[in-house]
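Listed here are the chains, written in short residue letters.
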Amino acid sequence: MKIVENIRLEPHQVDEIKAIATEYTKYDLRHIEPEGKDLSNLTQEQKDRVIRIKDRIVDGKTAEQLRKDNIVKISIHTICRMLERIGSNELAVTISLIDKIIHCDSVYKAQFKGFPQLSYTLCDTSDPEQYILPVSFKFKAGGGKGIMKLITVAYKGAAPTPMSAKIAHNDEQAQRMLDFKRRLLEQSRKNENEKD
């Protein structure tokens, strides 16, 4: 597997990723170990670079613009965690999380999850709620601005917990997820039509 990264990895970090890739299959990292494997450390220079990349992507745009223009994408996993950890997956909550990304000023850790890009857990050191927001970056060939994907939402220092109730077994949450999916599809179609 080739790692396509926007920060310069040190030889020991490349070795660490190779060791993880040797021990785990892509399936294991994406399904059995969905949190991925933390890298032992990032240098301060690497952390600063990640924040500069994030800042370049969000520069000059509001949270609503970033969402509408699909510059910050929200994963299905994030939507599930929003329901579990925040109690809502409403648009206002999504916008507030994107706004938190805009204000993130620190990198908590980096993880390898079997994808060509690492994910980075960002946080805002002045956030009283202490959200941590794992994201990944993707850039189009030929340079230019990239996009960011919010992978999940959690609280700093909170132990990972399994979902207390599967969405499929909770009618209210299942209906909310279906409604949200419908709204996402409608917005996606609308965005595509506006591009034409």
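Quick caveat, the model's predicted, so the values are computed rather than measured. (Residues numbered from 1 in each chain as written. Predicted model: local features only at pLDDT ≥ 70, side-chain atom pairs only at ≥ 80, totals over all residues. Heavy atoms only, no water.)

A.B. asks: I keep staring at the side chain of serine 75 and nothing clicks. Help me out?
C.D. replies: Within the secondary structure layout, serine 75 lies in the loop between strand E2 (72–74) and helix H5 (76–86). The class for serine 75 is buried, based on a relative accessible area of 9%. Beyond its immediate stretch of four places on either side in the chain, serine 75 contacts Lys149, Leu150 and Ile151. (Helix = DSSP H or I, 4+ residues; strand = E, 2+ residues; numbered from the N terminus. Buried < 20%, exposed > 50% of the residue type's maximum accessible area, 1.4 Å probe, protein only. Contact = heavy atoms within 4.5 Å.)

A.B. asks: Sorry if this is basic, but what is going on with the side chain of threonine 152 here?
C.D. replies: You can see threonine 152 is positioned in the loop between strand E6 (146–150) and strand E7 (154–155). At 3.4 Å, the side chain of threonine 152 forms a polar contact with the side chain of histidine 77. With residues near it in sequence (within four places) discarded, threonine 152 still touches His77, Thr78, Arg81, Arg85, Ile132, Leu133 and Pro134. (Polar contact = N/O pair within 3.5 Å; in protein donor to acceptor, adjacent residues only side chain to side chain.)

A.B. asks: Explanation requested: unusual backbone geometry in the structure shown.
C.D. replies: Most peptide bonds take the trans configuration, and most residues that are not glycine carry a negative phi. Although it is not a glycine, asparagine 70 adopts a positive phi angle of roughly 55°. Under the relative-accessibility criterion, asparagine 70 is labelled partly exposed at 30%.

A.B. asks: Honestly, the pattern of salt bridges in this entry has me stumped. Any pointers?
C.D. replies: Two side chains with opposite charge may pair up if their charged atoms get near one another. Inspection of every chain in the model, using the stated rule, returns 5 salt bridges. Ionic pairing is found between aspartate 55 and lysine 54, a salt bridge with its closest N-O pair at 2.6 Å. The class of aspartate 55 is partly exposed, set by a relative accessible area of 35%. In this structure lysine 54 comes out as buried when scored by relative accessible area, which is 0%. Of the charged contacts, one joins lysine 100 and aspartate 127 as a salt bridge, the two residues approaching to 3.6 Å between their closest N and O atoms. One end of the pair, lysine 100, is in helix H6 (residues 91–103); the other, aspartate 127, is in the loop between strand E4 (119–123) and strand E5 (131–139), with 27 residues separating them in the sequence. (Salt bridge = Lys/Arg side-chain N within 4 Å of Asp/Glu carboxyl O.)

A.B. asks: Explain the packing of helix H3 (residues 44–58) against H6 to me, please; I cannot follow it from the model alone.
C.D. replies: Axis angle and axis distance: for two packed helices, these are the angle between their axes and the distance between the axes, and together they describe the pair. Two elements in contact, H3 and H6, have axes whose closest approach is 9 Å; the angle formed by their N-to-C orientations is 125°. In terms of their interaxial angle, H3 and H6 are classed as oblique. Facing H3, whose interface residues are Lys54, Asp55 and Val58, H6 presents Ile101, Ile102 and His103. When grouped by side-chain class, the residues that make up the contact of H3 with H6 number 3 nonpolar, 1 polar and 2 charged. (Axes fitted to C-alpha atoms, helices over the stretch in contact; angles between N-to-C directions. Parallel < 35°, antiparallel > 145°, perpendicular 65-115°, else oblique. Nonpolar A, V, L, I, M, F, W, Y, C, P; charged D, E, K, R; others polar.)

A.B. asks: Explanation requested: the environment of glycine 114 in the structure shown.
C.D. replies: If you trace the backbone, glycine 114 turns up in the loop between strand E3 (106–112) and E4. The sequence separation of glycine 114 and isoleucine 17 amounts to 97 residues, and the corresponding C-alpha distance is 9.3 Å.

A.B. asks: Would you explain the pairing of E6 in this entry?
C.D. replies: Alternating positions in E6 separate cleanly, Gly146, Met148 and Leu150 being buried on one face and Ile147 and Lys149 remaining unburied on the opposite face. Looking at chain direction, E2 and E6 are connected through 3 bridges and run parallel. Residue isoleucine 74 lies in a different strand from E6, and its bridge partner there is leucine 150. Pairing between E5 and E6: 5 bridges, direction antiparallel. Looking across to E6, one finds that phenylalanine 137 is bridged to methionine 148. (Pairing = 2+ DSSP bridges.)

A.B. asks: Looking at this structure, I do not really get the environment of threonine 125. What am I missing?
C.D. replies: Along the chain, threonine 125 turns up in the loop between E4 and E5. On the basis of relative accessible area, threonine 125 is assigned to the exposed category, the value being 58%. Between the C-alpha atom of threonine 125 and that of tyrosine 108, which follows or precedes it by 17 residues, the distance is 10.0 Å. Those residues in contact with threonine 125 that lie beyond four places of it in its chain are Asp105 and Ser106.

A.B. asks: Even after reading the chapter, I still don't get the packing of aromatic side chains, so can you show me in this structure?
C.D. replies: We describe a pair of aromatic rings using the distance from one ring centre to the other and the angle between the two ring planes. Counted by the stated rule, this structure contains 1 aromatic pair. Their ring planes at 35° and their centres at 6.0 Å tell us that tyrosine 120 and phenylalanine 137 sit as a pair that is tilted. Note that tyrosine 120 is positioned in strand E4 and phenylalanine 137 in strand E5, a separation of 17 residues in sequence. Of the residues examined, tyrosine 120 reaches a relative accessible area of 1% and is grouped as buried. (Phe/Tyr/Trp six-rings, centres within 6.5 Å; stacked < 30°, edge-to-face > 60°.)

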